[in-house]
2 protein chains.
Amino acid sequence: MDYYSKTITKLIAELGHLPGVGQKSAQRLAFHILHMPEEQVRTLSEAILTARTSARYCRECFTLTDEDICPICSSDKRDHKTIMVVEDTRDLVAYEKTGQYHGVYHVLQGAISPLQGIGPADIRLKELMIRLQGDVDEVIIATNSTVEGEATATFISKTLKDTGIRVTRIASGVPVGGDLEYIDEVTLLKALENRKELN
Amino acid sequence: MDYYSKTITKLIAELGHLPGVGQKSAQRLAFHILHMPEEQVRTLSEAILTARTSARYCRECFTLTDEDICPICSSDKRDHKTIMVVEDTRDLVAYEKTGQYHGVYHVLQGAISPLQGIGPADIRLKELMIRLQGDVDEVIIATNSTVEGEATATFISKTLKDTGIRVTRIASGVPVGGDLEYIDEVTLLKALENRKELN
């Protein structure tokens, strides 16, 4: 039975489809929206639809953008011979926030996951291979440090083995500021394995 | 600096204005929306705007609805001589879900809170008084068991003192299923004070 009026019930239901938004949160969000100034609600509603309808993948690197070619790929200030491979646009943004990476990216829009039935053909790997036929010095694999991310990294490095392109993987180890006590054993072993000479 | 394209940045900013949605959650929601089927996004966007533009207060009880008079107030199956006073439409829904209350409601749309500068004139109290000039047997005060809710309850009961209308307050005590060990002292004392004869 619906306890709210039709339009409010509909709003709660739609908000409840969003990830991490349960029935109670959806109600709370809905009532917040109902008490917001109408102009602000209109802005929110339009931002949602506009972002979705204008969303497309960059023709070069397949990041989510609203342009044909994203600002990074069209910039002549970036080193187009260094390509960092990431799983997701959010991972690209995480590296952009460091402000220290000046190459370009390739966004796979996923990772290989046999368990979920996602194979190499289901992510933007073919597109990466096409890009690598151009003039590329280094491919930095920055997929997540998960089973899927590692599987994807292994697949890419194997595929590129005989191309002469330098293939690197971002380091695994103890996060900066991390307290050893709270770090899992696999990470601790990785950190030991990847230890560096200090002098 | 904006790391996302303009429309995505705008979407993240708008979602970030919602209560309980921080920067990270806004990003997660935004990317979920960007990957949703366009038709579903259109439905969400429209649900938000429609709910807000059609939202109004019931002319009788001031609950949030999309009709001039809400279904409860316009029902002839309800006892219109018993009015339960609540702070918020969500409180009304909480009692409706019990399925055992057959009277009508009055939604104050707030509670008296001197600290926040909300006085009796800022909530729908005047409208309650006007309703009470009609044929009413009982006013059940079901404001929250908070400082504001109690202040509002006291104010209403004082105001109605000499009207001859029966004024009651929902009981305070240990919630059903509650373990005494985890219940705060004020509630325990309230429960003791409000104890009932068993035979």
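Keep in mind that what you see is a predicted model, and the values were worked out from it rather than measured.

Assigned secondary structure in chain A consists of eight helices and six strands. Overall, chain A shows an N-to-C arrangement of helices and strands of α-α-α-β-β-α-β-α-β-α-β-α-β-α. On C-alpha atoms alone, chain A measures out to a radius of gyration of 22 Å, which is more than a quarter above the 16 Å that the 2.2 N^0.38 rule sets for 199 residues. Projected onto its principal axes, the C-alpha coordinates of chain A cover approximately 65 × 45 × 35 Å. Taken across its 199 residues, chain A has 43% of its residues classed as buried. Residue pairs in contact within chain A that sit at least 24 positions apart in sequence constitute 47% of those at least 6 positions apart.

The subject of this paragraph is the packing of helix α3 (residues 38-54) of chain A against helix α1 (residues 6-16) of chain B. For the pair α3(A) and α1(B), interaxial distance at closest approach is 9 Å and the crossing angle is 145°. α1(B) is crossed by α3(A), and the crossing has left-handed handedness. Contact with α3(A), carried on its side by A:Q40, A:T43, A:L44, A:A47, A:I48, A:T50, A:A51 and A:S54, involves B:T7, B:K10, B:L11, B:E14 and B:L15 of α1(B) and no other residues of that element. Among the residues making up the contact of α3(A) with α1(B), the classes are represented as six nonpolar, five polar and two charged.

Below, the discussion takes up the packing of helix α1 (residues 6-16) of chain A against helix α2 (residues 23-35) of chain A. All names here are of chain A. Where α1 contacts α2, the axes come no closer than 8 Å and their chain directions differ by 125°. Looking at the two axes, α1 sits oblique to α2. In this structure, α1 meets α2 at a crossing whose hand is right-handed. Of the residues in α2, those touching α1 at I8, L11, I12, L15 and G16 are Q23, A26, Q27, L29, A30, F31, I33 and L34. Residues of the contact of α1 with α2, tallied by class, amount to ten nonpolar, three polar and no charged.

This part covers the interface of chain B and chain A. Facing 52 residues of chain B, the contacting portion of chain A comprises 52 residues. Summing both sides of the interface, chain B and chain A together bury roughly 5000 Å²; the carbon and sulfur share of this comes to 70%. Among the residues of chain B in contact with chain A, B:Y3, B:I48 and B:R52 are the three that bury the most area, contributing 14% of the side total. Across the contact surface, chain B and chain A share zero salt bridges. The interface formed by chain B and chain A contains nine residue pairs in polar contact (both at pLDDT 80 or more). Counting residues per element, the ones that place at least two in the side of chain B that touches chain A are α1, α2 (23-35), α3 (38-54), β2 (64-65) and α5 (89-98) of chain B. Looking at the side of chain B that touches chain A residue by residue, the classes come out as 24 nonpolar, 16 polar and twelve charged.

With that out of the way, let us pick up the packing of aromatic side chains. For the structure on display, the rule yields four aromatic pairs over all chains. Sitting over the face of the ring of A:Y57, A:R124 holds its NZ or CZ atom 5.0 Å from the ring centroid.

What follows concerns the domain arrangement of chain A. Looking at chain A, the domain boundaries give domain 1 (6-54) and domain 2 (64-197). For domain 1 of chain A and domain 2 of chain A, the distance between their C-alpha centres works out to 35 Å.

Moving on: the relation of the copies chain B and chain A. Superposition record for chain B on chain A: RMSD 0.1 Å, screw rotation 180°, translation along axis 0.0 Å. In short, the pair behaves as if placed about a two-fold rotation axis. No C-alpha of chain B lies nearer the rotation axis than that of B:S45, which sits 2.3 Å from it. Of the interface residues in chain B, 100% have counterparts in chain A that sit at the interface too, so the contact is made through matching surfaces.

Here A:T63 lies in the loop between β1 (56-57) and β2 (64-65). Beyond its immediate stretch of four places on either side in the chain, A:T63 contacts A:R56, A:Y57, A:C58, A:C70, A:T89, A:L92, A:V107 and A:Q109.

What follows deals with the pattern of salt bridges. Residue and element names in this part refer to chain B. This model, assessed by the stated rule, comprises 21 salt bridges over all chains. We note a salt bridge from E38 to R42, for which the minimum N-O separation is 3.0 Å. Taken together, the residues span about one helical turn, with E38 and R42 both in helix α3 at a distance of four residues. The class of E38 is partly exposed, set by a relative accessible area of 31%. R42 gets classed as partly exposed once you look at its relative accessible area, which sits at 28%. The salt bridge involving K81 is made with D135; its shortest N-O contact spans 3.1 Å.

Reading the values: the criteria
Residues numbered from 1 in each chain as written. Chains lettered and ligands numbered in written order. Predicted model: local features only at pLDDT ≥ 70, side-chain atom pairs only at ≥ 80, totals over all residues. Heavy atoms only, no water. Helix = DSSP H or I, 4+ residues; strand = E, 2+ residues; numbered from the N terminus. Rg over C-alpha atoms; globule rule 2.2 N^0.38 Å. Buried < 20%, exposed > 50% of the residue type's maximum accessible area, 1.4 Å probe, protein only. Contact = heavy atoms within 4.5 Å. Axes fitted to C-alpha atoms, helices over the stretch in contact; angles between N-to-C directions. Left-handed = near helix turned anticlockwise from the far one by under 90°. Nonpolar A, V, L, I, M, F, W, Y, C, P; charged D, E, K, R; others polar. Parallel < 35°, antiparallel > 145°, perpendicular 65-115°, else oblique. Buried area = accessible area lost by both parts, 1.4 Å probe. Salt bridge = Lys/Arg side-chain N within 4 Å of Asp/Glu carboxyl O. Polar contact = N/O pair within 3.5 Å; in protein donor to acceptor, adjacent residues only side chain to side chain. Phe/Tyr/Trp six-rings, centres within 6.5 Å; stacked < 30°, edge-to-face > 60°. Lys NZ or Arg CZ within 6 Å of the ring centre and 35° of its normal. Domains from an automatic or database assignment. Least-squares fit on C-alpha atoms with pLDDT ≥ 70 in both.

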